[in-house]
Amino acid sequence: MYSEKVMDHFRNPRNVGELSQADGIGEVGNARCGDIMKLWIKVENGVISDLRFKTFGCGAAIATSSMITEIAKGKTLDEAENITDNLIAEALDGLPPLKMHCSNLAADALKAAIADYRLKQSSAS
Amino acid sequence: MTQIYMDHAATTPLRPEVLETMLPYFSEEFGNASSVYGWGRRARQALDRSRDTVAEILGAQAEEIVFTGSGSEAINLALKGAAKAQQKKGRHIVTTAIEHHAAYDSVFWLKKNGYEVTVLPVDSEGRINPEAVRSALRPDTILVSVMHANNEVGTIQPISAIGALVQEHGALFHTDAVQTAGILKLNVDELNVDLLSLAAHKFYGPKGVGALYVRKGVRLEPLVHGGFQERGRRAGTENIAGIVGLASALDLAAAERELESRRLARLRDRLFAGLQEIPFTRINGSRVHRLPNNVSVCFEFIEGESLLLNLDLRGIAASSGSACTSGSLEPSHVLLALGLSHEIAHGSLRLTLGRETTESDVDYVLGEIPEIVHRLREMSPLYQA
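Let me sum up the structure you'll find in this document. (Residues numbered from 1 in each chain as written. Chains lettered and ligands numbered in written order. Predicted model: local features only at pLDDT ≥ 70, side-chain atom pairs only at ≥ 80, totals over all residues. Heavy atoms only, no water.)

**Describing the overall build of chain B**
Operational definition: Each helix is a run of DSSP H or I of at least 4 residues and each strand a run of E of at least 2, with the numbering of both proceeding from the N terminus. Within these notes, the globule rule equals 2.2 Å times the number of residues to the 0.38 power, and the radius of gyration is based on C-alpha atoms. Categorising residues by exposure relies on relative accessible area from a 1.4 Å probe, with only protein chains included: less than 20% of the type maximum marks a residue as buried, more than 50% marks it as exposed, and the intermediate range marks it as partly exposed.
A tally of helices and strands in chain B yields 13 helices and 12 strands. By the compact-globule yardstick of 21 Å for 385 residues, chain B fits well, its C-alpha radius of gyration being 21 Å. When its C-alpha atoms are laid out on the principal axes, chain B stretches across 70 × 50 × 35 Å. Looking at chain B residue by residue over its 385 residues, the buried ones come to 60%.

Shown next, in the form of structure tokens:
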């Protein structure tokens, strides 16, 4: 039911872990629904230079988490904020219909991490 | 690659010797059991023989056995059929919070159609207290349905005790024996049941055939109307090959049941012992009143579907009650009824053993699971090592 791409990211998820010196952290989802994603980002000159994630969730949740770290790396904050759930799903050669909400999780986590970064910036300045 | 099937509660492989008994009825003995000529008579004889076999194993009379197209159909017929036939007597039905969807959804369909339903809670091991059934009975209670053993957590219910008090009250008692047929002794008089459902594919018979025991004198409104097959209780040309398969599979299972149950229970306990060494692991269900082939646990901080995918990558077929495996956003209603939190219920794993399961299979699985659980926990934001 999952594409080869999904299974590849599920088997070998990219960028798993935490960033100790993160500039922004986003956490979305809830354990009640069975998926939580936490994302750490490093920002240099307005560009996302590094990301790490931890995800509690199904195969699709783990694969979309992994995929978004690859897509977002090297993007400006504005570009990264515009990464949609559909784009992530397409990059994974599609997701089963029931799993489309998992790609929202990844896009939302990235938005939350960027918002956290911006908040920290504005309170620092 | 190693391939280990540990999902026998979902379905079982057809036994080759059962297939042998079925084969003639697909081809040369293709007759319609309602026909008067030779082909029809031979089909009828096979049907009668099969009915006798099933009846004898259940301690019933042949005319009390109705063959159906599945276990779900048997359960639907038992509940909807009995409730409809009894509606002048009353419209109250009692069931439990851990029934299979075939029973649960049938009862809720009845509720939408003017019946009243009481759903009894279970304790943390998934057991129903017979006294709770007694206090739920009302003068207008017509039907009580309690599953014999639960498909997810393997808990066996005190069916005989519940049946005695339901029958004394004058209501009908149905048990869903889909998980226990072929594994536990099923005697309808000892169990005090009026209706009992089973499905062939759970005990190494074919898919697409089930049976319902209907105590003599219990009237059922049929679900399928048409010909007078199954004494007017289930129309449709009989699936002779399937019915022959059901009977021969049940017969073999009954003969081997005691020895095989002991063997499975040893393997089950070996699995439990190994899994319990993994930290933050919870056993679901009862350790005492438990099917010999059922292992159900929850691993905290991880989600069931990703666990199943990892097991599949290592050749192990298992199941989970997580939301992501059920096609909904809710984890299993059974695990929630046992009082588990949503978080923990999402991390459930069910391993169900069968005839072909060996000790080395168990050891292989025990070798793989800790590593998978560890890997997923390392990836989980809920887990602090």
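**Some words on the overall build of chain A**
Broken down by element type, chain A carries five helices and three strands. Computed over its C-alpha atoms, the radius of gyration of chain A comes to 14 Å, within 12% of the 14 Å expected for a compact globule of 125 residues. Taken over the C-alpha atoms alone, chain A extends approximately 50 × 30 × 20 Å along its principal axes. Across the 125 residues in chain A, those meeting the buried criterion constitute 50%.

**Notes on the environment of A247 of chain B**
Residues and elements named next belong to chain B. Where we set the bar: Note on definitions: a residue-residue contact is assigned when non-hydrogen atoms from the two residues lie within 4.5 Å.
Relative to the elements of secondary structure, A247 occurs in helix α8 (residues 240-275). Between the C-alpha atom of A247 and that of R51, which follows or precedes it by 196 residues, the distance is 7.3 Å. Setting aside anything within four residues of it in sequence, one finds A247 in contact with S50, T53 and V54.

**Quick notes on unusual backbone geometry**
Positive phi values are uncommon outside glycine, yet D93 of chain A reaches one of about 60 degrees. Position of D93 of chain A relative to the elements: it lies in the loop between α4 (85-91) and α5 (100-124). A positive phi angle, close to 50 degrees, is found at E230 of chain B, a residue other than glycine. Structurally, E230 of chain B can be placed in the loop between β8 (210-214) and α8.

**A look at the environment of S322 of chain B**
All names here are of chain B. Among the secondary structure elements, S322 is positioned in the loop between β11 (316-317) and α10 (323-326). With a relative accessible area of 0%, S322 lands in the buried category. Residues S322 and E368, 46 residues apart in the sequence, show an inter-C-alpha distance of 20 Å. In this structure S322 touches E303, G304, E305, P331, A345, H346 and S348, once residues within four positions along its chain are discounted.

**As for the pairing of strand β6 (residues 172-176) of chain B**
Residues and elements named next belong to chain B. Stated formally: Throughout, right-handed denotes a crossover for which the path from the first strand over the helix to the second runs clockwise when the strands point away from the viewer. At least two bridges found by DSSP between two strands is the condition for calling them paired.
In terms of residue burial, β6 counts as a mostly covered element, since five of its five residues are buried. Of the two faces of β6, both are covered, the one formed by L172, H174 and D176 as well as the one formed by F173 and T175. Handedness of the β-α-β unit built from strand β5 (residues 141-145), helix α6 (residues 159-169) and β6 comes out right-handed. Pairing between β6 and strand β7 (residues 195-199): three bridges, direction parallel. Paired with H174 across the two strands is L195, which belongs to β7.

**Remarks on the packing of α8 of chain B against helix α13 (residues 359-378) of chain B**
Residues and elements named next belong to chain B. Condition: Note on geometry: axes are C-alpha line fits, over the in-contact stretch for helices, and angles between N-to-C directions span 0 to 180 degrees. Angles below 35 degrees are treated as roughly parallel, those above 145 as roughly antiparallel, those between 65 and 115 as roughly perpendicular, and all remaining angles as oblique. Crossing chirality is assigned from the near helix's rotation relative to the far helix, an anticlockwise turn below a right angle marking it left-handed and a clockwise turn marking it right-handed. When residues are sorted by character, Ala, Val, Leu, Ile, Met, Phe, Trp, Tyr, Cys and Pro go into the nonpolar class, Asp, Glu, Lys and Arg into the charged class, and all the rest, Gly among them, into the polar class.
Between α8 and α13, the least distance of the axes is 10 Å, while the angle of their chain directions is 15 degrees. Comparing the axis directions of α8 and α13 gives the class roughly parallel. When the axes of α8 and α13 are compared, the crossing they make is right-handed. Side by side, α8 and α13 meet where L267, R270, L271, G274 and L275 of the first sit next to E359, V362, D363, V365, L366 and I369 of the second. Counted by class, the contact of α8 with α13 contains seven nonpolar, one polar and three charged residues.

**Overview of the sheet that holds strand β10 (residues 294-299) of chain B**
Residues and elements named next belong to chain B. Taking strand neighbours across the sheet as the criterion, the three strands line up as β9-β10-β12 in an open arrangement whose pairing is antiparallel. Lying at the two open borders of the sheet, with one neighbouring strand each, are β9 (281-283) and β12 (348-352). Neighbour to neighbour, the strand axes of the sheet diverge by 25 degrees on average, direction disregarded. As judged from the three bridges shared by β9 and β10, these two strands associate in the antiparallel manner. Of the residues in β10, the one forming a bridge with T281 is F299. Lying over the sheet, helix α9 (residues 304-313) contacts β10 and β12, oriented at roughly 45 degrees with respect to β12.

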